[in-house]
Amino acid sequence: MKKFQNKKLLMLGSSLGTIEMIKYAQDNGCHVIVTDYLPKEKSAGKMIADESADISTTDIDSLEIFARKKNIDGVFCGVSEINLKSVKALCDRLNLPCYYT
């Protein structure tokens, strides 16, 4: 059985390292949804994700509604200070664990 079978990961943005993170999650059975403000053809993460949404990574209210609707199990991002702040804010609202240093 794969490590993240039947889990849904919301990936905020397509910054440095995101592609490798998405592939790792997918290889381990995770359903990955990428969100950012870019059109799909300009977002490398959206191109390989299982799903995508056109929601800015700083629009926490809309992200919260979307994450609750999709029953998201985890929120993550690549290397991005702006997106790290959004991950923390969204995890707090969804009562999900969040750790980074």
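The model shown is predicted, which means the values in this text are computed figures rather than measured ones.

Caption draft 1: Up close: the packing of helix H3 (residues 60–70) against helix H4 (residues 81–94). Packing of H3 against H4 leaves a shortest axis separation of 10 Å and a crossing angle of 50 degrees. On the basis of the axis angle, H3 is oblique to H4. Our pair here, H3 against H4, has a crossing hand that is right-handed. Judged by residue contacts, Ile60, Asp61, Leu63, Glu64, Ala67 and Arg68 of H3 engage Ser86, Ala89, Leu90, Arg93 and Leu94 from H4. Of the residues belonging to the contact of H3 with H4, the class tally is 6 nonpolar, 1 polar and 4 charged.

Caption draft 2: Summary view of helix H1 (residues 18–27). Looking only at H1, the buried set comprises Thr18, Ile22 and Ala25. Each buried residue of H1 lies within a common arc of 65 degrees when the element is viewed along its axis, so the set occupies one face. Exposed residues pointing more than 90 degrees away from the buried face of H1 are listed as Glu20 and Asp27. Where H1 is buried, its residues contact strand E1 (8–12), strand E2 (31–35) and helix H2 (44–48). Taken from the residues just after H1, Gly29 is the one with a positive phi, measuring 90 degrees.

Caption draft 3: Region of interest: the pattern of salt bridges. Throughout the structure, instances matching the rule amount to 7 salt bridges. Between Lys46 and Asp54 there is a salt bridge, and its shortest N-O distance comes to 2.5 Å. Using a relative accessible area of 0% as the deciding quantity, one classes Lys46 as buried. One salt bridge connects Glu64 with Arg68, and the closest N-O pair in it is separated by 3.2 Å. On the criterion of helical spacing, the pair formed by Glu64 and Arg68 is a turn pair, its members being 4 residues apart in helix H3. On the basis of relative accessibility, which here comes to 45%, the residue Arg68 falls in the partly exposed class. Taken together, the shared-partner salt bridges connect Asp61, Glu64, Arg68 and Arg93 into one network.

Caption draft 4: Looking closely at the nonpolar core. Of all hydrophobic cores here, the largest spans 17 residues; its most connected members are Leu10, Leu12 and Val75. Counting residues per element, the ones that place at least two in this core are E1, H3, strand E4 (74–77) and H4. Beyond its immediate stretch of four places on either side in the chain, Val75 contacts Leu9, Leu10, Leu12, Val87, Leu90, Cys91, Leu94 and Leu96.

Conventions used here
- Residues numbered from 1 in each chain as written.
- Predicted model: local features only at pLDDT ≥ 70, side-chain atom pairs only at ≥ 80, totals over all residues.
- Heavy atoms only, no water.
- Axes fitted to C-alpha atoms, helices over the stretch in contact; angles between N-to-C directions.
- Helix = DSSP H or I, 4+ residues; strand = E, 2+ residues; numbered from the N terminus.
- Parallel < 35°, antiparallel > 145°, perpendicular 65-115°, else oblique.
- Left-handed = near helix turned anticlockwise from the far one by under 90°.
- Contact = heavy atoms within 4.5 Å.
- Nonpolar A, V, L, I, M, F, W, Y, C, P; charged D, E, K, R; others polar.
- Buried < 20%, exposed > 50% of the residue type's maximum accessible area, 1.4 Å probe, protein only.
- Arc of directions from axis to C-beta.
- Salt bridge = Lys/Arg side-chain N within 4 Å of Asp/Glu carboxyl O.
- Core = buried A, V, L, I, M, F, W, Y, C linked by side-chain atoms within 4.5 Å.

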